[in-house]
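The primary structure of each chain is shown beneath.
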Amino acid sequence: MVRARRRDDLFITVPSFFRCPISLDVMKSPVSLCTGVTYDRASIQRWLDGGNNTCPATMQVLHSRDFVPNLTLQRLIRIWSDSAPDARLADQPSPPPESPLSRDRALSAARSVAAGGAGECADSLPRILRFASESEENCGFLARMEGFPCALLRLLDFDGDESERRVRSLELVVRVLGMVWSRLEDRESFASAVAKSDRRCLDSILMVIQRGKSESRVAAVRILESAAIDAETKLAMSECEQLLLRLLNLVAPETDLALLEASLSCLIQISVSKRAKTKLVALQSIGRLARLLSAPSSTVSVTEKALKLLEVASSVKEGRAALCGDAACLESVLQKVFKVSGAATEHAVATLWSVCCLFGDQRAREVVAECNGVAKMLLLMQSNCPAPVRQMAGDLLRTCKGSSRPPCLSSYDTKTTHIMPF
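A brief structural summary. Because the structure is predicted, anything quoted here is derived from the model rather than measured.

## Comments concerning the packing of aromatic side chains
Counted according to the given criterion, the structure contains 4 aromatic pairs. Aromatic side chains Phe 131 and Phe 141 sit 6.0 Å apart centroid to centroid with 70° between the ring planes, which places their arrangement in the edge-to-face category. In this pair, Phe 131 sits in helix H6 (residues 118-134) while Phe 141 sits in helix H7 (residues 136-143), placing the two residues 10 residues apart along the sequence. On the basis of relative accessible area, Phe 131 is assigned to the buried category, the value being 1%. Each ring, one from Trp 181 and one from Phe 190, has its centre 6.5 Å from the other, and the planes form 75°; the classification is edge-to-face.

See the structure below:
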């Protein structure tokens, strides 16, 4: 009994973020891509050498194929490994890596999934995920396989089972579906099934977002974004308050970068109708976005997306009212007018123009003026920004110039009597 318990102690739980999303083994040399996702160097190098130009976990196109060593994670893995029960763990030889899955074996596994048995799915899905992770060509092969994509949707059908085992199974389904989605021939039908279908698929995806591991949550959010392809599906998603809440809960500086960017992109994609924008405002999105903008760790991409969502919110009166009541948020928006990117400048100026010029709120005008906004608008008008941005900057300059006395322009306010030359 003691020996059996001792043996059980050796099989400790490995933190999920220590595992490579491709091999699912503990990473030996973790490196991060430009998407922010970390992989084991050998696994991601093999993926790129296979001719792939996307991030395996998020399927985003890579703008750069450079690696950045994740030294912090490597140090954490080393500390965890050194402190694991029984030092023999480190000495035990690791099992040999599984050989790549052939197309015949992948076809057999996919047919087992299509057949519908729960046991067959549990055995086949991990092998199919490994097969899909090996190359984009494999993803296309699975997408074209008759009956397989529909079987994935059937597996997403929520049956009321919220057990941990069911969540792990749904994670596999979501990750495989996320990899094959862009290669599906009838994406419209699949989008409709995910967004509507009595919300049964949607409930399963939301459960993965709430309880899944990081890479599965990213895949789930990206499926939602991809499913929002027309006004009907976007409206159907925006009507689900739980979906909006789950996504907004991820809008925080401490959220994993890939998951944060995916959540912001999805919110932008579905926030098209006036009802959707009003709901976002009612769910306290302004405060969350303000906190994100003020975080020193926010990347350029996150800042752009956060400003875009604020611009979206400012297009309805409820959003403009919420922005006018949050001086700290307006100040953060003004600070992002410069030194981020051209897109960030456009979103920031459009938001300020909505509250100061369109809404005409005196509080907002005073905040802009007191935070050196007049000088910034002057500089912006002298830059090479697009004509619409320059026009909005001019409107803001005229509107906010008399609201306060910014220190940089105080010397122009004198009591000298000017003698006109006529």
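## Concerning unusual backbone geometry
A positive phi angle, close to 65°, is found at Leu 24, a residue other than glycine. Along the chain, Leu 24 turns up in the loop between helix H1 (2-10) and strand S1 (30-32). Since its relative accessible area comes to 38%, Leu 24 is described here as partly exposed. Its identity is not glycine, yet Gln 284 carries a phi of approximately 65°, on the positive side. Structurally, the position occupied by Gln 284 is in the loop between helix H16 (274-282) and helix H17 (285-294).

## Topic: the pattern of salt bridges
Per the counting criterion, the structure on display carries 11 salt bridges. The salt bridge partner of Glu 136 is Arg 183, with a shortest N-O separation of 3.4 Å. Of this pair, Glu 136 sits in helix H7 while Arg 183 is found in the loop between helix H9 (164-180) and helix H10 (187-195), placing the two residues 47 residues apart along the sequence. Here Glu 136 falls in the partly exposed class, since its relative accessible area comes to 23%. Between Glu 164 and Arg 168 there is a salt bridge, with its nearest N and O atoms 2.1 Å apart. With Glu 164 and Arg 168 both in helix H9, this residue pair falls 4 residues apart, about one helical turn. According to the relative accessible area criterion, Glu 164 is partly exposed, its value standing at 44%. For Arg 168, a relative accessible area of 27% corresponds to the partly exposed category.

Criteria and cut-off values
Residues numbered from 1 in each chain as written. Predicted model: local features only at pLDDT ≥ 70, side-chain atom pairs only at ≥ 80, totals over all residues. Heavy atoms only, no water. Phe/Tyr/Trp six-rings, centres within 6.5 Å; stacked < 30°, edge-to-face > 60°. Helix = DSSP H or I, 4+ residues; strand = E, 2+ residues; numbered from the N terminus. Buried < 20%, exposed > 50% of the residue type's maximum accessible area, 1.4 Å probe, protein only. Salt bridge = Lys/Arg side-chain N within 4 Å of Asp/Glu carboxyl O.

In short, geometric facts, not functional conclusions.
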